[in-house]
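# Fold and contact review
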Amino acid sequence: MARVLIVGAGVTGSLCAALLRRQTSRPLYLAVWDKAEDSGGRMTTASSPHNPQCTADLGAQYITCTPHYAKKHQRFYDELLAHGILRPLTSPVEGMVMKDGDCNFVAPRGISSIIKHYLKESGAEVYFRHRVTQISLRNDKWEVSKQTGSPEQFDLIVLTMPVPQILQLQGDITNLISECQRQQLEAVSYSSRYALGLFYEAGTKIDVPWAGQYITSNPCIRFVSIDNKKRNIESSEIGPSLVIHTTVPFGVTYLEHSIEDVQELIFQQLENILPGLPQPIATKCQKWRHSQVTNAAANCPGQMTLHHKPFLACGGDGFTQSNFDGCITSALCVLEALKNYI
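All values reported here derive from a predicted model rather than from experimental measurement. (Residues numbered from 1 in each chain as written. Predicted model: local features only at pLDDT ≥ 70, side-chain atom pairs only at ≥ 80, totals over all residues. Heavy atoms only, no water.)

## Digging into the side chain of Asp-155
We apply this condition: To qualify as a helix, a DSSP run of H or I must reach at least 4 residues; to qualify as a strand, a run of E must reach at least 2; elements of each kind are numbered from the N terminus. Three exposure classes are used, based on accessible area relative to the maximum for each residue type with a 1.4 Å probe and protein chains only: buried under 20%, partly exposed in between, and exposed over 50%. Here a polar contact is taken to be a pair of N or O atoms separated by no more than 3.5 Å, where protein atoms must pair a possible hydrogen donor with a possible acceptor and residues adjacent in sequence count only if both atoms sit in side chains. In this description, contact between two residues means that some pair of their heavy atoms is separated by no more than 4.5 Å.
Locating Asp-155 in the fold gives a position in the loop between β12 (152–154) and β13 (156–159). Look at Asp-155 and you get buried, because its relative accessible area is 18%. Here the side chain of Asp-155 touches Arg-3 through a polar contact of 2.7 Å, landing on its backbone nitrogen. At a separation of 2.7 Å, a polar atom in the side chain of Asp-155 contacts the side chain of Lys-141. Among all residues touching Asp-155, those that are not within four sequence positions of it are Met-1, Ala-2, Arg-3, Lys-141, Trp-142, Pro-310 and Phe-311.

## Observations regarding the packing of aromatic side chains
Both the distance between ring centres and the angle between the ring planes are used here to describe each pair of aromatic rings. Applicable threshold: Pairing of aromatic rings covers Phe, Tyr and Trp, the last counted by its six-membered ring, and requires centre-to-centre distances within 6.5 Å; plane angles under 30 degrees mean stacked, over 60 mean edge-to-face, and any other angle means tilted.
Enumeration according to the criterion identifies 7 aromatic pairs in this entry. Plain terms: the ring middles of Trp-33 and Phe-154 are 5.6 Å apart, the flat faces sit at 85° to each other, and that makes the pair edge-to-face. Of the two residues, Trp-33 is situated in strand β2 (residues 28–33) and Phe-154 in strand β12; the sequence distance between them amounts to 121 residues. Comparing Trp-33 with Phe-154 shows no difference in burial state: the two are buried. Ring geometry for Tyr-194 versus Phe-250: centroids 6.4 Å apart, planes at 75°, classification edge-to-face. With a gap of 56 residues between them, Tyr-194 in strand β15 (residues 193–199) and Phe-250 in helix α9 (residues 248–253) connect regions that are remote in the sequence.

## Concerning the pattern of salt bridges
The following threshold applies: Salt bridges are defined as contacts in which a side-chain nitrogen from Lys or Arg sits within 4 Å of a carboxyl oxygen from Asp or Glu.
On inspection of all chains with the given rule, the structure shows 14 salt bridges. One salt bridge connects Arg-231 with Asp-57, and the closest N-O pair in it is separated by 3.6 Å. Linking Arg-231 in the loop between α8 (227–230) and β18 (241–246) with Asp-57 in strand β4 (residues 55–57), this pair joins segments that are 174 residues apart in sequence. Residue classification places Arg-231 among the buried positions, given a relative accessible area of 1%. According to the relative accessible area criterion, Asp-57 is buried, its value standing at 0%. Residues Arg-231 and Asp-227 are paired through a salt bridge, measuring 2.8 Å at the closest nitrogen-oxygen approach.

## Observations regarding the state of the cysteines
Inclusion rule: By definition, disulfides here are pairs of cysteine sulfur atoms that lie within 2.5 Å.
In this structure the tally under the stated criterion is 0 disulfides. No disulfide involves Cys-65; its nearest neighbouring cysteine sulfur is the one of Cys-103, lying 6.3 Å away. By relative accessible area, Cys-65 is classed as buried at 3%. Of the cysteine sulfurs around Cys-300, a residue in no disulfide, the closest is that of Cys-180, at 7.8 Å. Here Cys-300 falls in the buried class, since its relative accessible area comes to 7%.

## Points about helix α3 (residues 74–82)
What counts here: Summarising the geometry, the arc corresponds to the directions from the helix axis toward the C-beta atoms.
Inspection of α3 places Phe-76, Tyr-77, Glu-79 and Leu-80 among the buried residues, and these make up the whole buried set. Seen from one end, α3 has its buried residues packed into an arc of 160°, which puts them on one side. Just beyond α3, the residue with positive phi is Gly-84, at close to 75°.

## Some details on the environment of Ile-85
Within the secondary structure, Ile-85 is located in the loop between α3 and β6 (87–88). For the pair Ile-85 and Val-126, spaced 41 residues apart in sequence, the C-alpha to C-alpha distance is 20 Å. Dropping the residues within four chain positions of it, Ile-85 is found in contact with Leu-80, Val-106, Ala-107, Pro-108, Arg-109, Ser-113, Ile-114 and His-117.

## With respect to the domain arrangement of the protein chain
To keep it simple, the criterion reads: Here the bounds of each domain stem from an automatic or database domain assignment. Buried surface area refers to the total accessible area, computed with a probe of radius 1.4 Å, that the two partners give up upon joining, counted for both partners together.
When its domains are assigned, the protein chain resolves into domain 1 (2–37 + 128–188 + 297–339) and domain 2 (190–294). Its C-alpha centre places domain 1 at a distance of 32 Å from the equivalent point of domain 2. Counting residues at the interface gives 8 residues for domain 1, matched by 5 residues for domain 2. Summing both partners gives a buried area of about 550 Å² for domain 1 against domain 2, and 59% of it is carried by carbon and sulfur. Our enumeration of links across domain 1 and domain 2 arrives at 0 salt bridges.

## A closer look at the sheet that holds strand β19 (residues 282–288)
Quick reminder of the rule: Strand pairing is assigned whenever DSSP identifies at least 2 bridges connecting the two strands.
Taken together, the 6 strands give an open sheet; going across it, the order is β7-β16-β17-β18-β15-β19, and neighbouring strands pair in mixed fashion. A single partner strand is all that each edge strand has here, and the edge strands are β7 (93–94) and β19. Here strand β16 (residues 212–214) pairs with strand β17 (residues 221–226) via 3 bridges, running antiparallel. Across the sheet, Gly-212 pairs through a bridge with Ser-225, a residue of β17.

## With respect to the UniProt feature "domain: Amine oxidase" (unreviewed entry) in the protein chain
Operational definition: UniProt positions are given in the numbering used here, feature names are shortened, and annotations may be inferred rather than shown by experiment.
When the UniProt feature table is mapped to this numbering, "domain: Amine oxidase" (unreviewed entry) covers residues 105–297. In residues 105–297, the share of helix is 27% and the share of strand is 31%. The end C-alpha atoms are 28 Å apart.

## Some thoughts on the pairing of strand β21 (residues 303–307)
Here β21 lies mainly inside the structure; 5 of its 5 residues are buried. Where β21 and strand β22 (residues 311–315) come together, 4 bridges link them in antiparallel fashion. The residue bridging Met-304 from the neighbouring strand is Cys-314, located in β22. If you look at the hairpin formed by β21 and β22, you'll find 3 residues sitting between the two strands.

Here it is in structure tokens:
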């Protein structure tokens, strides 16, 4: 039985796992490892420690589907809509730029429910707090070391984490990346920002006419969302949640500052935008060091194969673009590249 490891439990990794399971007739052992404490990657949904039903999307806020991808990726959208995982965005978002024919979708159960759906479909063994440190060749297999625990062996590996994290890996992989590939990978760049989730007690009123708002006049804050309102799941039993995304210049400037200091700065600026907000009962501040791809790998449509036998490839938005369709494109390209080796 072939042993397959997918590193990264974001959209690309989870969809690769689901597609691999659906399209492979032979039995295989499929594992997904992620360094975080839950699945989602940059489509993560945080929960209030006081009520797990009070949630906030700290990464992607909604999914925009263009007419081109509505056709090209129709089966993916149809599946998620049929399962109730996606619904059309009907709540007002001020300052949103809409192009002709675009459709916006929200995930009522949180944006990470997309990833959880694909992981469930894949039947993969999913492990969290598994940070890969080293990949080496051992007897025509890959030996994968993580920060804690014993190394494990696999026949095929797909790396879907941000490209700078691929370049940090130790072991034989450092020599297997050709000079040309290394230059392509080193040229991939990302923007950085922070996201702050605020959780409130049931019955708290946040009285604004919108569910989301793009801010253009603040050096710190770019987007604010009343998250439960955005997802159309307001309830008297569950408190509201607020999500704040910072601007990229703010994210870059304060990238190495403490989370506590950054959170305090965001709160100060939030008072200018929404004065007199009630006190949240919990907060969650998330640093997105690798937020959105600003420069994707050149001449690598969707994936880059680093080794053929045993197979090792990398995929993700670093090889396409930072949106849901970019991740679907990458997952399909990875599957196309590895189908001859499975």
